[in-house]
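# Results of the structural survey
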Amino acid sequence: ATKDNNIVKYTTGKKDDFEVSQLDTPLGNIVDFVVKEEFKNVYVADAKNNRIVVLDDKGNFVKQYKYIDNDGWKDIKAIAINDNESKLYVLSGTKLYEITL
């Protein structure tokens, strides 16, 4: 992730094509992201928009997660995904949230 909230992808030191697309609201403040070779998706914590954005390996929008109440997730600090990509954990302020994917 870059300072201007873009995501770049490198493979063996070479920059690959990767463009975030199909978002209704652009990424505003990337504070964390999770990607692993064995995962089919990339998970991006967007603190400005209080959401977690899920992208495929090409940057296409898959889905997003937002807290039901607009007052929740106002201070996203970090995210994590379990090894089988079935649970998402969101640290917002001092609270930890678990979401089944």
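Since we're looking at a predicted model, the values are computed, not measured.

What follows deals with the overall build of the chain. Helix and strand counts for the chain come out as zero helices and nine strands. N-terminal to C-terminal, the α/β element order of the chain is β-β-β-β-β-β-β-β-β. Compactness check: the chain gives a C-alpha radius of gyration of 13 Å against a globular reference of 13 Å for 101 residues, within 12% of the reference. Dimensions of the chain along its principal axes, counting C-alpha atoms only, are 40 × 30 × 20 Å. Every one of the 101 residues in the chain was classed for burial, and the buried ones make up 36%. Excluding contacts between residues fewer than 6 apart, the proportion of contacts in the chain whose partners are at least 24 apart in sequence is 35%. In the structure as shown, the chain presents an accessible area of about 6,600 Å², 46% of it carried by carbon and sulfur atoms. Charged side chains in the chain number 15 positive and 17 negative. The centres of these two groups are separated by 2 Å.

Each value, and the rule that gives it
Per chain, residues are indexed from 1 in the order of the written sequence. Restriction of local features to residues with pLDDT of at least 70 applies here, the model being predicted, together with a cutoff of 80 or more for giving and counting side-chain atom pairs; totals for whole chains, interfaces and linings are based on all residues. For the side-chain quantities, the full set of heavy atoms in the structure was used; hydrogens and water were omitted. Strands are runs of DSSP state E lasting at least 2 residues, helices are runs of H or I lasting at least 4, and numbering of each runs from the N terminus. Note that the radius of gyration is over C-alpha atoms, with the globule rule given as 2.2 Å times the number of residues to the power 0.38. For the exposure calls, accessible area comes from a 1.4 Å probe over protein chains only, and a residue counts as buried if that area is under 20% of its type's maximum, exposed if over 50%, partly exposed in between. Only heavy atoms matter for contacts: two residues are in contact if any of them lie within 4.5 Å across the pair. Method for areas: the Shrake-Rupley scheme with a 1.4 Å probe, in which residue coverage is limited to the protein chains shown. For the purpose of charge, His is not counted, nor are the chain termini; Lys and Arg are scored as positive and Asp and Glu as negative. A charge is said to be at NZ when it belongs to Lys, at CZ for Arg, at CG for Asp and at CD for Glu.

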